[in-house]
Amino acid sequence: MGLMLFMATTLFTMQQYFLTTLDWVLPGMDPELVKKIGAATALEVRATGIPYTFAPCIAVCRDPRWGRCYESYSEDPQIVQAMTEIIPGLQGDIPAASPTGVPFVAGKKNVAACAKHYVGDGGTTNGINENNTVIDRQGLFSIHMPGYYKSINKGVSTIMVSYSSWNGIKMHANRELITGFLKNTLRFRGFVISDWEGIDRITSPPHANYSYSIQASIQAGIDMIMVPYNYTEFIDRLTFLVKNNIIPMSRINDAVTRILRVKFVLGLFEDPLADDSLVDQLGSQEHRELAREAARRSLVLLKNGQSPNHPLLPLPKKTPKILVAGSHADNLGYQCGGWTIKWQGSSGNDLTIGTTILTAIKNTVDSSTNVVYKENPDTEFVKCNDFSYAVVVVGEHPYAETDGDSMNLTIPDPGPSTIANVCRAVKCVVIVISGRPVVIQPHMEYIDALVAAWLPGTEGQGVADVLFGDYGFTGKLPRTWFKTVDQLPMNAGDPHYDPLFPFGFGLTTEPTKSYEDNGPEVI
């Protein structure tokens, strides 16, 4: 097989400041911005010596209860298709004359991309991770497959198979869709890779019949198996299956050909080592500015004042005293969410380098404005301090994969009480930090302004940029915001569609540079 191919889940390695953009929430639904983020990410991944990233996730999340919904661009397959523009960002622009399905990587400053998770991962019953997607063939091909058409046309190098099942058949064993459709019909010529211990989960319990799992997955058409631990067992059993003609050598030759094709495209045989000249790209200011732009363009303004004639946003920078409250106001780990340095993410400000929303607010307001921070104030404290207004930042705690599955989608305590204590006592804007829509309807009556900030990553200054009017709100919802979880699943076009905020919703504001003098009156 030649040189070893190392790959990285970019969310682990580089994405602490591209959190809302590479796989999670689309910045302003702008494919060109996503392409720029892909190019910046490629530079940083290459700087570590890794030429291959497990991105993008082109799942179409149809139920926000799914713990991986923030890895999906949208509930709308057309938006997911558009966001595959990240692939030429990562890999480089494919030449016009390139044959369809052949992997392409432009050069040493690009990486091999991986479209995932094939296919239907965002449509499982009740949003349960790795579960069963019950849908007819027309539905699968019209909702969950279109992103793969675009990805293949753009020269994506690899495709990762989903843990989930389609109508009871495990995708890791689905020869019809992997070999029959992906390889033969779509003529994909890159390699197909399993997910982490994905073949083990063909059986229940996992690894119960490992020889069968190896046979079923490789015969289905998977070319590279992700085996993090028991690789000697895998090698021994695969060798036995091939020597005894249970798995034909032609299948092995096909897999080797595809893997070598990607390695040649990557230039690994000519340049197998890391390029030290790229080390300055890691955490560069230019990339942080790009992430800051992505954060501010991802913000969605859901409510602005109790009436259209009295908007609260943008906030005045010059005012006597303001309150900043909430568990997520000064917590970089919460801003970044899961898949950041650690698999499940973490809490606190020692995870990586960045700017919390609290710090960003302090950086933005006038020097004469007194910023008071109290994480969870009671109502009496708020009433006694004569604040001009308050900014409450609450939301979900970090999670990844199955740990993020939620049947209630409520904001963790003390978030709801913080909203109530503050917003019932003073004019307030609530900023929700989350990977998906959460239950907010019970609090809408006393929230004056509401912002969906998703997972803005390390560049919290991007939130303050828009909050105080240096830039306007432009973002639109990439997925439906429900009223109650009892409505789920609910997507645009469904007969029972009755959202709190519909797909595509988002209020706008105009930027202004002089809020100290002419900001909206706080009444």
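Just so we're clear, the structure is a prediction, and the values are computed from it rather than from any experiment. (Residues numbered from 1 in each chain as written. Predicted model: local features only at pLDDT ≥ 70, side-chain atom pairs only at ≥ 80, totals over all residues. Heavy atoms only, no water.)

### Details of the pattern of salt bridges
Next up, step 1: One pass over the structure, following the stated rule, counts 25 salt bridges.
Next up, step 2: Ionic pairing is found between lysine 154 and glutamate 85, a salt bridge with its closest N-O pair at 3.0 Å. Residue lysine 154 is found in the loop between helix H6 (146-153) and strand S3 (158-161), and its partner glutamate 85 is found in the loop between helix H3 (77-83) and helix H4 (86-91); the two are separated by 69 residues along the sequence.
Next up, step 3: By relative accessible area, which is 16% here, lysine 154 ends up buried.
Next up, step 4: Using a relative accessible area of 15% as the deciding quantity, one classes glutamate 85 as buried.
Next up, step 5: For glutamate 459, the salt bridge identified is with arginine 288, shortest N-O distance 2.8 Å. Pair noted here: glutamate 459 is in the loop between strand S12 (449-454) and helix H16 (461-467) and arginine 288 is in helix H11 (residues 285-298), with a separation of 171 residues, a long-range link. (Salt bridge = Lys/Arg side-chain N within 4 Å of Asp/Glu carboxyl O. Helix = DSSP H or I, 4+ residues; strand = E, 2+ residues; numbered from the N terminus. Buried < 20%, exposed > 50% of the residue type's maximum accessible area, 1.4 Å probe, protein only.)

### Observations regarding helix H7 (residues 175-185)
Next up, step 1: Within H7 the residues assigned to the buried category are Leu177, Ile178, Thr179, Phe181, Leu182 and Lys183.
Next up, step 2: Measuring from the backbone nitrogen of glutamate 176 back to the side-chain oxygen at the start of H7 gives 3.3 Å, which picks out asparagine 174 as the cap.
Next up, step 3: Looking one or two places after H7, you find arginine 187, whose phi comes out positive at around 60°. (Polar contact = N/O pair within 3.5 Å; in protein donor to acceptor, adjacent residues only side chain to side chain.)

### Points about the sheet that holds S3
Next up, step 1: One open sheet holds the 3 strands; their spatial order is S1-S3-S6, and the pairing between them is parallel. For this open sheet the edge positions go to strand S1 (114-118) and strand S6 (191-193), each flanked by a neighbour on one side alone. When the angles between neighbouring strand axes are averaged without regard to direction, this sheet yields 25°.
Next up, step 2: Pairing analysis gives 4 bridges linking S1 to S3, with the strands arranged parallel. Bridge pairing links cysteine 114 to threonine 158 in S3.
Next up, step 3: Relative to S1, H7 is tilted by about 140°, and along the sheet it contacts S1, S3 and S6. (Pairing = 2+ DSSP bridges. Axes fitted to C-alpha atoms, helices over the stretch in contact; angles between N-to-C directions. Contact = heavy atoms within 4.5 Å.)

### Notes on the sheet that holds strand S7 (residues 300-304)
Next up, step 1: The strand order S7-S12-S11-S10-S8-S9 describes an open sheet built from 6 strands, whose pairing is mixed. A single partner strand is all that each edge strand has here, and the edge strands are S7 and strand S9 (370-373). Taking the axes of each pair of neighbouring strands and ignoring which way they run, one obtains an average angle of 20° across the sheet.
Next up, step 2: When strand S11 (residues 428-433) meets S12, the two strands line up parallel, connected through 5 bridges. What sits directly across from isoleucine 431, in S12, is valine 451.

Any functional reading would require information beyond the geometric quantities listed.
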